[in-house]
Amino acid sequence: MLIELIPNLSYQAATELIERLEWMGFHVVRQGNDTLTLVSGVDKLVNMEGLATLPGIAKIQPLKSRFKLASRESKSADTQINIKNVTIGGGELFVIAGPCSIESEAQLLACATVAKNAGAQALRGGAYKPRTSPYEYQGMGVEGFKLLSKVANLHGLISVSEIMDTNQMEEALPYIDILQIGARNIQNYSLLKALGKIDKPILLKRGFATTYQELLMAAEYIMVGGNPNVILCERGIRTFETYTRNTLDLNAVPSLQEMTHLPVIVDPSHGTGVRSLVPIMARAAVAAGANGILVETHPHPDLSISDATQTISFASFTKMMHEIKAVHCLVKSFTN
Ligand code: PEP
Ligand code: MN
């Protein structure tokens, strides 16, 4: 349920109203200056008319959407996430670049230098890797978080790394600016609940077979826990096609942007699995209106410990950055 507050309601009056609603058993979330979203306890409500007469309320409206907090219906303005002087979900294109797996400080330093010079804002690298085979490289663990943090800070970049469970979340918190939840953990509900309790942005990747609605319900778990800063990432889904690793579903960009106010970025690296296609699909993603791009880079792509076939060279990355910036300018000129 959406509650529209009386215009210019004082802080004191709004606080009293929220306390009263909470006392009545509602879970109340303030998403904008003049709206409150009630996300639970609604079943217990017996007297809607009585509710409407509470002081401070201008209008009450039922929310049709299942994802109450993530929906455009509950908050029409785009969510903008501010971190280290970067705004994600605003007018700026947000680019995350770096290796699939953290391998060494030298590898990260090389990736960071190129990322920064080309205009990316974030450095990625996996310290804990969700690998299909238990015999494949599983990552450096917490030492990787420390290296990523050191190198990202040196270059004024935001650090982004994946966690797969709550123990890894605790390890990452002192070092990592944005915690990534990978495709395999999108429905790890205990992890999603724990992410609701922290104050770092979450990069939530779509699962191999996750619908937009399921992706948004996963975001809802984090948001209802108290963390509104969720970035959604389309990274390809599994289809009958085998030429590419996944099928990058660019329908997701405008569809999700209609459904939600959260920022939507695209990962053409996992979305294609094919190096030659990555820059082209990055351009396509920006043309579709994506708020950002996540891309895997490496000083020697063929020597990458993981995901070598989809990892692009520094030259290719730098060229791609020029191209996506140009496409982004053009898209902005159409939508402004
Ligand atoms: C990754 O970003 O390295 C990764 C494992 O991604 P995904 O969860 O999309 O497969
Ligand atoms: Mn990867």
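It should be emphasised that the depicted structure is a prediction, and the values quoted were computed from it without experimental measurement. (Residues numbered from 1 in each chain as written. Chains lettered and ligands numbered in written order. Predicted model: local features only at pLDDT ≥ 70, side-chain atom pairs only at ≥ 80, totals over all residues. Heavy atoms only, no water.)

Observations concerning unusual backbone geometry
Located in the positive-phi region is Asn85, a residue other than glycine, with phi close to 65 degrees. The residue Asp307 is not glycine, and still its phi comes out positive at about 55 degrees. As for its placement among the helices and strands, Asp307 is situated in the loop between strand 14 (292–296) and helix 11 (314–335). (Helix = DSSP H or I, 4+ residues; strand = E, 2+ residues; numbered from the N terminus.)

Some thoughts on the domain arrangement of the chain
Domain annotation for the chain reports domain 1 (2–61) and domain 2 (81–335). Taken over C-alpha atoms, the centre of domain 1 sits 36 Å from the centre of domain 2. (Domains from an automatic or database assignment.)

A word on the site of ligand 1
The full set of residues close to ligand 1 is Cys100, Arg124, Lys129, Glu162, Gln180, Gly182, Ala183, Arg184, Lys205, Arg235, His270 and Glu296. His270 places a polar side-chain atom, nitrogen or oxygen, 3.4 Å from an oxygen atom of ligand 1. Notes on ligand 1: free accessible area 290 Å², of which the protein chains cover 97%. Of the residues that constitute the shell around ligand 1, the class distribution is 2 nonpolar, 3 polar and 7 charged. (Near = heavy atom within 4 Å. Polar contact = N/O pair within 3.5 Å; in protein donor to acceptor, adjacent residues only side chain to side chain. Areas by Shrake-Rupley, 256 points an atom, 1.4 Å probe, with all protein chains shown as cover. Nonpolar A, V, L, I, M, F, W, Y, C, P; charged D, E, K, R; others polar.)

Topic: the coordination of the manganese ion (ligand 2)
The coordination sphere of the manganese ion (ligand 2) contains the protein donors Cys100 (SG), His270 (NE2), Glu296 (OE) and Asp307 (OD), at a distance range of 2.0 to 2.4 Å. Site description for the manganese ion (ligand 2): donor spacing in sequence, C-x169-H-x25-E-x10-D. Residue Cys100 is located in the loop between strand 7 (94–98) and helix 3 (105–118), and its partner His270 is located in helix 9 (residues 268–272); the two are separated by 170 residues in the primary sequence. Comparing Cys100 with His270, the two get one shared label, buried. (Donors = N, O, S within 2.8 Å, 3.2 Å for Na, K, Ca; no water. Buried < 20%, exposed > 50% of the residue type's maximum accessible area, 1.4 Å probe, protein only.)

Structural notes on helix 3
Taking 1.5 Å per residue, 14 residues should reach 20 Å; helix 3 reaches 20 Å between its end C-alpha atoms and fits that length. For helix 3, every residue scored as buried is listed here: Gln107, Leu108, Cys111, Ala112, Val114, Ala115 and Ala118. Its buried side turned inward, helix 3 meets strand 7, strand 8 (122–124), helix 4 (142–154) and helix 11. (Expected span 1.5 Å × (residues − 1). Contact = heavy atoms within 4.5 Å.)

Focus on the sheet that holds strand 2 (residues 27–30)
Whenever strands of a sheet pair, they do so through backbone hydrogen bonds, lying parallel or antiparallel. If you walk across this open sheet you meet the 4 strands as 2-3-1-4, and the pairing is antiparallel. Two strands bound the open sheet, and with one partner strand each, they are strand 2 and strand 4 (57–61). Neighbour-to-neighbour, the strand axes of the sheet open up by a mean angle of 25 degrees, direction not taken into account. Here strand 1 (residues 2–5) pairs with strand 3 (residues 35–40) via 3 bridges, running antiparallel. The residue bridging Glu4 from the neighbouring strand is Thr35, located in strand 3. (Pairing = 2+ DSSP bridges. Axes fitted to C-alpha atoms, helices over the stretch in contact; angles between N-to-C directions.)

Considerations on the pattern of salt bridges
This model, assessed by the stated rule, comprises 13 salt bridges. A salt bridge links Arg72 to Asp78, with the shortest nitrogen-to-oxygen separation between them at 2.6 Å. Across the salt bridge formed by Asp267 and Lys205, the nearest N and O atoms sit 2.7 Å from each other. Placement of the pair is Asp267 in the loop between strand 13 (264–266) and helix 9 and Lys205 in strand 11 (residues 202–205), with a sequence separation of 62 residues. The structure contains a network of salt bridges with shared partners spanning Arg206, Glu234 and Asp249. (Salt bridge = Lys/Arg side-chain N within 4 Å of Asp/Glu carboxyl O.)

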